[in-house]
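Survey of secondary and tertiary structure
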Amino acid sequence: MHFDYVIVGAGFAGSVLAERLATQADKKILIIDKRPHIGGNAYDCLNEDGILIHQYGPHIFHTNSPEVVTYLSQFTEWRPYEHRVLASVDGQLLPIPINLDTVNKLYGFSFTSEELADYFASVGEPVKDIKTSEDVVVSQVGRDLYEKFFRGYTRKQWGVDPSELDKMVTSRIPTRTNQDDRYFTDQFQCMPLHGYTKMFEKMVAHSNIQLMLGTDFKQVKDELSYDELIYTGPVDEYFDFCFGKLPYRSLRFDHQTVDVEDYQPVSVVNYPNDHAYTRITEYKKLTGQEHPKTSITFEYPQDEGDPYYPVPRPENAALYRQYKQLADEQKSVHFVGRLGTYRYYNMDQVVAQALTLYKKLVGADSLQEAINS
Ligand code: FAD
Ligand code: UDP
């Protein structure tokens with residue numbers, strides 16, 4: 001059979017494009033994924049105890065883009081959820097992002113917000129040109145808070161010191177002088193009411209879309225007949241690593257079910273300094289599910305394994321630019337998504353990127369038009 005588009009990857013990038021092209025432009029689509037399921041890294045499923053878990057670590061949806069919310073709301077209802085994270089530091093569980101309560105509890109102070117702002121100004125180390133992930137934090141909150149909350153976590157998570165990582169990594173985490181303990185401040189923060197996988201099932205349920213799961217594109221590409229290719233896997237792999245390997249950081253997920261109803265006070269607890277794992281997630285606190293047992297996941301960062309995180313460092317950005325140039329020369333191959341464009345993107349950013357590519361493919365004038373067309 002001949003397809004208008006073959007799409008490699010059934011995650012957000014691939015599924016959004018398949019849905020748009022099939023339902024709005026009447027294109028015949030084949031989605032291929034080497035995993036045995038749709039959803040990419042956002043895949044969730046019931047485990048053997050019937051508890052909904054995220055197979056590839058905690059996925060919390062948050063965005064400031066009304067277009068992305070409008071688009072995804074066609075495929076799911078939402079459960080309001082504001083993410084809160086505690087970090088285990090010096091024997092206490094303290095709010096992260098660092099806020100007024102974090103500092104007062106850690107040091108036994110009773111600062112007001114104004115006093116905390118003065119304190120940050122006194123301990124923050126002036127950095128002329130903020131370039132690295134160390135610069136960002138040390139300049140805002142000083143060395144002690146940096147060491148306690150960021151240095152160890154970042155070294156574990158990325159395998160390099162924050163001084164060797166682009167500033168965008170730790171810039172994801174703000175510093176606050178008030179008591180706001182939410183991880184995100186985005187206008188829209190919700191979880192898909194019945195989970196991510198149910199949402200993906202609705203996106204790809206169309207007679208123009210065929211799925212080929214558990215199949216590596218490399219193994220079948222010569223047998224396929226199609227006009228255009230949309231590729232959401234690692235861009236360096238597509239080009240047989242011709243300029244060398246782009247580094248990705250991986251994780252090992254240790255999923256466990258424990259025979260208690262309630263394991264920890266919030267859905268995610270970070271361990272910046274102790275243990276080989278970075279964080280423990282308790283899913284029922286994300287999903288709202290009630291169950292006499294509870295499921296948790298420990299995340300152990302590692303180099304080898306599925307590519308989860310592009311590593312934001314100047315030399316990696318330079319290497320990616322070489323691949324990007326080659327990618328731009330392929331007129332009937334389109335690279336998109338976190339791996340396809342080597343970007344540390346959240347889910348909403350990937351959805352927006354995919355809608356933008358759709359718009360380009362069909363010549364729509366705006367994101368709104370891409371959604372409504
Ligand atoms: P993926 O979801 O990675 O999909 C790519 C797919 O391509 C994969 O399924 C892969 O199997 C397939 N593939 C690759 N190569 C081939 C091949 N050769 N043949 C066939 N198939 C192939 N974002 C948030 O907004 N909030 C969060 O809380 C959040 N938490 C995260 C936690 C973790 C641990 C991780 C790793 C990511 C998190 N993200 C979060 C980011 C989010 O996962 C991504 O933004 C999003 O899933 C990217 O979608 P994608 O389609 O680009 O890529
Ligand atoms: N980070 C940290 N300590 C924390 C939380 C985050 O040092 O308690 C740093 C770390 O480098 C991490 C980055 O901030 O990789 C971004 O954190 P985020 O929670 O956004 O990571 P993700 O959910 O993408 O893994």
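For the structure given in this document, a descriptive report is provided here. (Residues numbered from 1 in each chain as written. Chains lettered and ligands numbered in written order. Predicted model: local features only at pLDDT ≥ 70, side-chain atom pairs only at ≥ 80, totals over all residues. Heavy atoms only, no water.)

**Some points on the pattern of salt bridges**
- Within the structure shown, the criterion is met by 26 salt bridges.
- Taking the shortest distance from any N to any O, the salt bridge between R182 and E82 comes out at 3.4 Å. Of the two residues, R182 sits in the loop between α5 (133-158) and β9 (188-192) while E82 sits in the loop between β6 (78-80) and β7 (85-89), which places them 100 residues apart along the sequence.
- For E82, a relative accessible area of 37% corresponds to the partly exposed category.
- Ionic contacts of the salt-bridge type, sharing partners, join the residues E82, R84, D180, D181 and R182 into one network. (Salt bridge = Lys/Arg side-chain N within 4 Å of Asp/Glu carboxyl O. Helix = DSSP H or I, 4+ residues; strand = E, 2+ residues; numbered from the N terminus. Buried < 20%, exposed > 50% of the residue type's maximum accessible area, 1.4 Å probe, protein only.)

**So, the nonpolar core**
- Judged by nonpolar contacts, the single largest core of 105 residues is most densely connected at F12, L72 and F149.
- At 9 residues, α5 tops the list of elements feeding residues into this core.
- Among all residues touching F12, those that are not within four sequence positions of it are A42, L72, Y196, M199, F200, M347, V350 and V351.
- Among the nonpolar cores identified, the runner-up in size contains 10 residues, and L86, V269, Y277 and I280 belong to it. (Core = buried A, V, L, I, M, F, W, Y, C linked by side-chain atoms within 4.5 Å. Contact = heavy atoms within 4.5 Å.)

**What to know about the packing of helix α3 (residues 100-107) against helix α4 (residues 113-123)**
- The interhelical angle for the contact between α3 and α4, taken along N-to-C directions, is 75°, at an axis separation of 10 Å. As summarised for this structure, α3 and α4 are arranged roughly perpendicular, according to the angle between their axes. Contacts from L100, V103 and Y107 of α3 reach α4 at S113, L116, Y119 and F120.
- Taken together, the residues of the contact of α3 with α4 sort by class into 6 nonpolar, 1 polar and no charged. (Axes fitted to C-alpha atoms, helices over the stretch in contact; angles between N-to-C directions. Parallel < 35°, antiparallel > 145°, perpendicular 65-115°, else oblique. Nonpolar A, V, L, I, M, F, W, Y, C, P; charged D, E, K, R; others polar.)

**A word on the sheet that holds strand β10 (residues 209-213)**
- Sheet architecture is open: 5 strands sit in the order β10-β2-β1-β11-β17, paired in parallel fashion. The strands lining the two open edges of the sheet, one partner per strand, are β10 and β17 (333-335). Recorded for the sheet is a direction-independent mean angle of 20° between the axes of neighbouring strands.
- Here strand β2 (residues 29-33) pairs with β10 via 5 bridges, running parallel. Note that in β10 the partner of I32 across the bridge is M212. (Pairing = 2+ DSSP bridges.)

**Describing the site of ligand 2**
- The immediate surroundings of ligand 2 are formed by 15 residues, with T154, R172, Y183, Y309 and Y344 found nearest.
- Between T154 and ligand 2, the recorded distance is 2.8 Å, taken from a side-chain N or O atom to an oxygen atom.
- Between ligand 2 and the protein, one listed contact pairs an oxygen atom with a side-chain N or O atom of Y183 at 2.5 Å.
- Against a free-state accessible area of 520 Å², the protein chains account for coverage of 94% of ligand 2.
- Top element by residues in the shell around ligand 2 is α5. It accounts for 6 residues.
- Across the shell around ligand 2, the residue classes break down as 10 nonpolar, 3 polar and 2 charged.
- Looking at which domains feed residues into the shell around ligand 2, each of domain 2 (50-84 + 182-193 + 248-309) and domain 3 (97-171) gives three or more. (Near = heavy atom within 4 Å. Polar contact = N/O pair within 3.5 Å; in protein donor to acceptor, adjacent residues only side chain to side chain. Areas by Shrake-Rupley, 256 points an atom, 1.4 Å probe, with all protein chains shown as cover. Domains from an automatic or database assignment.)

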